[in-house]
Amino acid sequence: MQSELKYIIEIIQSNSKVIQNEILTFDDKKIVDILEDNRILLPFLNKLKQSDNPQFDSLMSKIESRIKQDYVHQIDEKTEIFSDFMNELNIDWMSHKHLFFERQRADIDVLVPANKFLYVIEKLEEDDFEKIAIEPSKIKMKKTTDKSNFTIHVHEKIIWESEFINTDDVWKRSRIIQDKNISIRIPEAEDSILIECAHAFF
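Conventions used here
- Residues numbered from 1 in each chain as written.
- Predicted model: local features only at pLDDT ≥ 70, side-chain atom pairs only at ≥ 80, totals over all residues.
- Heavy atoms only, no water.
- Phe/Tyr/Trp six-rings, centres within 6.5 Å; stacked < 30°, edge-to-face > 60°.
- Helix = DSSP H or I, 4+ residues; strand = E, 2+ residues; numbered from the N terminus.
- Buried < 20%, exposed > 50% of the residue type's maximum accessible area, 1.4 Å probe, protein only.
- Salt bridge = Lys/Arg side-chain N within 4 Å of Asp/Glu carboxyl O.

## Details of the packing of aromatic side chains
(1) Moving on: The full count for this structure, using the stated rule, is three aromatic pairs.
(2) Moving on: Considering the side-chain rings of Phe82 and Trp93, the 5.1 Å spacing of their centres and the 85° angle between planes classify their relative orientation as edge-to-face. Residue Phe82 is located in helix 5 (residues 75-89), and its partner Trp93 is located in the loop between helix 5 and strand 1 (107-111); the two are separated by eleven residues in the primary sequence. Note on accessibility: Phe82 and Trp93 belong to one class, buried.
(3) Moving on: Geometrically, the ring pair formed by Phe129 and Phe150 is edge-to-face, given 5.6 Å between the ring centres and 70° between the ring planes. A residue pair is termed long-range when its members are at least 10 positions apart, and Phe129 in the loop between helix 6 (117-126) and strand 2 (130-135) and Phe150 in strand 4 (residues 148-155) qualify at 21 residues. Both residues of the pair, Phe129 and Phe150, count as buried.
(4) Moving on: Among the aromatic residues, those joined into a cluster by ring pairs are Phe82, Phe85 and Trp93.

## Here we look at the pattern of salt bridges
(1) Moving on: For the structure shown, the criterion picks out eleven salt bridges.
(2) Moving on: The partner of Lys123 in a salt bridge is Glu126, and the shortest N-O contact between them spans 3.4 Å. Pair noted here: Lys123 and Glu126 are both in helix 6, with a separation of three residues, about one helical turn.
(3) Moving on: As a salt-bridge pair, Asp191 and Arg173 come within 2.9 Å of each other at their nearest N and O atoms. Remark: Arg173 occurs in helix 7 (residues 167-173) and Asp191 occurs in helix 8 (residues 189-201); sequence separation between them is 18 residues.
(4) Moving on: When salt bridges that share partners are traced, they join Glu135, Lys138 and Lys140 into one network.

These figures come from the coordinates and say nothing about function on their own.
So, in structure tokens, the structure goes:
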């Protein structure tokens, strides 16, 4: 998987519209799964479209099909909906995996204060979200709307905590930005880089 992911990232970061046919040697489903797991379905699809190569039509069709399964809202709309939800609860929150690389994705990841974590989960359940996965310090919630899914990953701490990334310190160094007229708390730049790097590897 590491070789496929490395190749995919190289394609997305490349300024060239030409994509080598090597991508066709990989299994389509595996590629789509990797794209979804790393939340880069749309950026990669856009790259394939720019190449204007009919050999990629089958892969593009599979990516588009996967996108339709879980993209009930654009990310800006989802963020605004969650922001309004948290404002009503009067609880601070952070988009700790902010779009540092401007990734487009089906779900949003949010960090909430540890002492409010279970309360936020309870309130999301009251708003018709259901738990679909429970992991250490993280619960995935899903709400079905018009046959599509609105998925939120709620974190009580940064999963990859180490001597380099400490959740309390990330909160202290965080800043608030205006994004599409929404006030969003995000990590400071160095923390964002560390979080993105950790996410890419783990």
